[in-house]
Structure formats: structure tokens, C-alpha cells
Amino acid sequence: VDDISRAIYGEMYFDLSDDTKLTVGARYQDDEVVSTIYNDVAGGSYLTSGCFMAANKDTCSFVDVTPVADDAFTYKLALQHNLSDDVMVYGSYTTAIRAAGVNAGDNPTTYDQEENSTLDFGLKSILMDGAMLLNMNVFNTVTDGFLVAAVENTGTTNTNIDAEVTGFEGNMMVFLSETTKLEANWLFLDHEVTSDSMLINYLNPAGAPVAPGGYYGAVDPNGTGLITGAVHTNGRVLFKSAGFNCTVAGLYTDGCATGEPGWAESIKGNSLPGSSDKSYGLSLTQDFNSSNGVTSARLSYRYRGSFDSDIFNMDRMKIDAQDTMDLLISYEPNEGDWYAGIFVKNIRDQQHLQILRPASNVQGGQLFGSFSDPRIWGVQFGSKF
């Protein structure tokens, strides 16, 4: 795959008054993707067709060349106003594009560009005579052509859908005293698919709420098991040959030749994959001053809510909520250019499942997962020069 992206962009700033500034930005991008697929088992066609003598081998019959050209214009408008020397509010509207492209695989398909527009209102401030830093904002992002990847036969395919995300995020740092500091950050999201997009869930192609209601076993004439079938609890009958799903019985080794690989279901209203409804973190730092130096103890807590790993929101693909705690104790002398400390990550030694991804339905649809690290502790030291 050759991927070329060219862009020109810039911003202009206008002082409308001593306290109000307008920002205007624009971007033009030109993208080109060329996918070249060589479908030639053991090089047989290459050797026997005389194609190896051709000046341009991409014109050979066993070579699929899929080009996609795409361009777009996006912009940004932002207005900020100083309520005081320490408090600024702003609002912005920004558009952005993710370029169209080509899906991988022996039969490449294309997908359209993703168009994003975000409305954002926020506050940046220093309060309590400099003791508190508080930044926060609310935003709404509407996406036409949101790209989601789903398993399809022996690979994954990007599909364009429409989606909307609304959120409230922020970070705060406040000195409770000269030696005690509290930090917090948060993100609360509401996200869903807004288009009535119809997709086949290849890991549940019959769209049944539970496991198959009955197994037919081998349904090929000779009873060899080359073709098997099952009736699901919703009455839909699904067949398999060489691992591929199909609504029609048949002997096939590459996809579904005479029928469909499953029943498409609407994903409207589903949650977007990889997005928690809420996540936040808290950290408390306590300094202990002495005549020789400063010892600091920092205790941190992080929480991430549950989320879906796939666009179909299957129960087996859900990731549970999880939280972790870390500790760092460090010492820095008043006179000297060195520092030392000890740290403990994941104090409670809780290993969490962080992400799930499915294998192809041809392989059996097993899941691959990754886990967080167990408790890790150590010492650290360094020198400033």
C-alpha cells in the first residue's frame, strides 16, 4: 500500500479588543492511496504467463491495483475572551477529515472519508490567588463516515457509519497548603451510532441472542462434514463450509458463493468501541521539608469505566471497569544535583483485561486479549547537570 498525503494549512489571529481574540484557521489536504495485491499461489502465474518479462508487472492478470484519490477543505473558528487576568473562556468550531482508503485483503474494497465537526466551549483559569489551576470544557463531535473495523471472513474491513460524541472533561491542580497538592482529571462521555447502518456480525452471523438451538451436523450428500449447519434460537439456519458462514448450503472455500455470509443487523444506538462512559484520576502529593532536603510522597488513583470492544456491543466483547493505585516517594537534597526515590505501580496487584480483539470467524472466532501489568516496584535515581 502506497499512501501519499499533501496539505497546506495556517492560522490567523485577530485582536478584537484587549481581552478578545479571534482565531481563523484553514487546511486543504490531498490524499492518494494505491493498494497493489498479488494473488498468485506459489508464483505459478508469474512464471507461466510471461508476466516476469513485462515492463509494468502491475498490469498482469493476477495483480489487483486499487487507487483512491481524495481531497478536502477543513477550517477552524475560535473566539476567546479574558474575563480577568486569570480567567479565560472560549468557544470553537473545528472540522477535520480522515481520508478515504482501501481495505486490505485478496479482494480489496474501498471506504469513504470520515468527516468530523466539533463544537467546544471551555474555561481556563487560575484561582484562589494562584493556589488552584482549573481547566475544563464541554464538547460535541458529529462524525459522518465514522470508521469502524469489523471481522469479515479472514480479515477485517473498515466501514463508514455516522456517530456522535458528547463529553465533559477537565483537569484541576490545587495546593491545599504549602506542602499538600491535590490533582484531578476527568472525562465523561456520551457516545452512540446515529445512522441506521446495517452490518453483519461475522461472530454471530445469525443474529441470535444465545447459542444455536440445534445442530444439524454434516449436511453434505456424503455426510463427510464438508458442509455443516445449525438452526439458531431465532429460527435462522446457517451453514458452514471450510469455516466460512453462508445462508445457503454449498461447498465453498472462499467466502459465500451463492448466498449471504449472515443477516445484517442495525447498529443504530450502539456504543462506540473503546470508549468508556466515565474515567477519572486523583493524585495527592505531600511534601516533608527538612533541613537537608525535601521528601515527597505521591499517591495516585485512576479509574476507567467499562466499555465495548466491538461495534456490535456483544457481551463477550465487553471490558469491565477497572482502577489502579500507584505510589512514588522521592527525595531531593537542598544542596546537590541528584535525586532518588522508590515507586510501586499497581499497589493492589490487580491484573485487568485491557482490550479484546476477535480472530476471524473462519478460525473459529476466538478472542485475543491483553492484560495490564502486575505489581511493579523499584528504585530510581538520577543527577541533574
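Fair warning: this is a prediction, and the values are worked out from it, not measured in the lab. Counting of residues starts from 1 at the beginning of each chain's written sequence and follows it residue by residue. A pLDDT threshold of at least 70 governs which residues receive local features in this predicted model, and a stricter bar of 80 or more applies before side-chain atom pairs are shown or counted, although totals over entire chains, interfaces and linings include all residues. With hydrogens and water set aside, each side-chain value is computed from the structure's full complement of heavy atoms.

Draft legend 1. Expanded view of the overall build of the chain. Strands here mean DSSP runs of E at least two residues long; helices mean DSSP runs of H or I at least four residues long; both are numbered from the N terminus. Regarding its fold elements, the chain presents 1 helix and 25 strands. In this setup the radius of gyration rests on C-alpha atoms only. A globule is expected at 2.2 Å times the number of residues raised to 0.38. At 28 Å, the chain has a C-alpha radius of gyration far larger than the 21 Å of a compact globule built from 385 residues. Summarising its shape, the C-alpha atoms of the chain cover approximately 90 × 50 × 45 Å along the three principal directions. By definition, residues are in contact when any of their heavy atoms lie within 4.5 Å. The long-range share in the chain, meaning contacts at least 24 apart out of those at least 6 apart in sequence, stands at 56%. Entry remark: accessible area of the chain is about 22,200 Å², with carbon and sulfur atoms responsible for 54%. The method behind every accessible area is Shrake-Rupley, applied with a 1.4 Å probe, and residues are considered shielded solely by the protein chains displayed.

Draft legend 2. Quick peek at the sheet that holds strand S15 (residues 244–246). Strands qualify as paired when DSSP identifies two bridges or more between them. With antiparallel pairing, the 4 strands of this open sheet are ordered in space as S12-S13-S14-S15. Edge positions in the sheet fall to strand S12 (214–218) and S15, since each has one partner strand and no second. Each strand of the sheet is rotated relative to its neighbour by a mean of 20 degrees, with strand direction disregarded. Pairing of S12 with strand S13 (residues 227–231), which is carried by 4 bridges, proceeds in the antiparallel orientation. Comment: axis = line fitted to C-alpha atoms, over the contacting stretch for helices; angle = value between 0 and 180 degrees taken between N-to-C directions.

Draft legend 3. View of the pattern of salt bridges. Here, a salt bridge means any side-chain nitrogen of Lys or Arg that lies within 4 Å of a carboxyl oxygen of Asp or Glu. Scanning the entire structure with this criterion turns up 9 salt bridges. Ionic pairing is found between Glu265 and Arg236, a salt bridge with its closest N-O pair at 2.8 Å. One end of the pair, Glu265, is in strand S16 (residues 265–266); the other, Arg236, is in the loop between S13 and strand S14 (237–241), with 29 residues separating them in the sequence. Since its relative accessible area comes to 26%, Arg236 is described here as partly exposed. With its nearest N and O atoms 2.7 Å apart, the salt bridge here joins Lys384 to Glu332. Within this pair, whereas Lys384 is found in the segment after strand S25 (376–383), its partner Glu332 is found in strand S21 (residues 322–333), the two being separated by 52 residues in sequence. Classification of Lys384 by relative accessible area gives partly exposed; the value is 45%. Only protein chains enter the accessibility calculation, which uses a 1.4 Å probe. A residue is then buried if its area is under 20% of the maximum for its type, exposed if over 50%, and partly exposed in between.

Draft legend 4. Focus on the layout of surface pockets. Size it by volume and the largest pocket reaches roughly 740 Å³. Within this scheme a cavity is a closed region of a 1 Å grid, computed over the protein atoms alone, that accommodates a 1.4 Å probe without allowing it to escape, whereas a pocket is open but has protein on both sides within 12 Å along at least five of seven lines; lining residues each have an atom within 4 Å of a point. Taken together, 32 residues make up the lining of the largest pocket; nearest its centre are Leu203, Asn204, Pro205, Ala208 and Met314. Counting residues per element, the ones that place at least two in the lining of the largest pocket are S13, S14 and S16. Here the second largest pocket defines a volume of roughly 410 Å³. No other element matches the 3 residues that strand S9 (residues 155–175) contributes to the lining of the second largest pocket. Side-chain classes follow a simple rule in which Ala, Val, Leu, Ile, Met, Phe, Trp, Tyr, Cys and Pro form the nonpolar group, Asp, Glu, Lys and Arg form the charged group, and the remainder, Gly included, forms the polar group. Per-class residue counts for the lining of the second largest pocket are 3 nonpolar, 10 polar and 3 charged. Grid points are joined across faces, edges and corners, and a volume is the space filled by probe spheres set on the points.

Draft legend 5. Spotlight on the environment of Leu127. Here Leu127 lies in strand S7 (residues 114–127). In sequence terms Leu127 and Ser360 are 233 residues apart; their C-alpha atoms lie 54 Å from each other. Every residue in contact with Leu127, bar those within four places of it in the chain, is listed here: Val87, Met132 and Leu134.

Draft legend 6. Inspection of the pairing of strand S1 (residues 2–15) at higher detail. Across 14 bridges, S1 lies against strand S2 (residues 20–38) in antiparallel orientation. Its bridge partner being in S2, Arg6 is matched across the sheet by Asp30.

Draft legend 7. Region of interest: the environment of Asp349. Structurally, Asp349 can be placed in the loop between strand S22 (338–345) and strand S23 (353–358). Sequence spacing of Asp349 and Pro374 is 25 residues, and the spatial spacing of their C-alpha atoms is 5.2 Å. Excluding its chain neighbours within four sequence positions, the residues that come into contact with Asp349 are Pro374 and Arg375. One polar contact links the side chain of Asp349 to the main-chain amide nitrogen of Arg375, over a distance of 2.8 Å. By the criterion applied in these results, polar contacts are pairs of N or O atoms within 3.5 Å in which, for protein atoms, one can donate a hydrogen and the other can accept it, and in which residues neighboring in sequence qualify only through two side-chain atoms.

Draft legend 8. Looking closely at the state of the cysteines. Here, two cysteine sulfur atoms that lie within 2.5 Å of each other are counted as a disulfide. All chains considered together, the criterion is met by 1 disulfide. Two residues share a disulfide in this structure: Cys246 and Cys256, whose sulfurs sit 1.9 Å from each other. Measuring the twist about the S-S bond at about 40 degrees, one finds the Cys246-Cys256 disulfide to be right-handed. Here Cys256 lies in the loop between S15 and S16 and Cys246 lies in strand S15, a separation of 10 residues in the sequence. Neither Cys246 nor Cys256 differs from the other in exposure class; each is buried.

Draft legend 9. Spotlight on the packing of aromatic side chains. Two aromatic rings, drawn from Phe, Tyr or Trp (for Trp, its six-membered ring), form a pair once their centres lie within 6.5 Å of each other, and the interplanar angle then sorts them: stacked below 30 degrees, edge-to-face above 60, tilted otherwise. Throughout the structure, instances matching the rule amount to 5 aromatic pairs. Seen from their ring centres, Tyr331 and Trp338 are 5.8 Å apart, and the 50 degrees between their planes marks the pair as tilted. Residue classification places Trp338 among the partly exposed positions, given a relative accessible area of 41%. Every member of this aromatic cluster is reached through a ring pair, and the members are Tyr280, Tyr301 and Tyr303.

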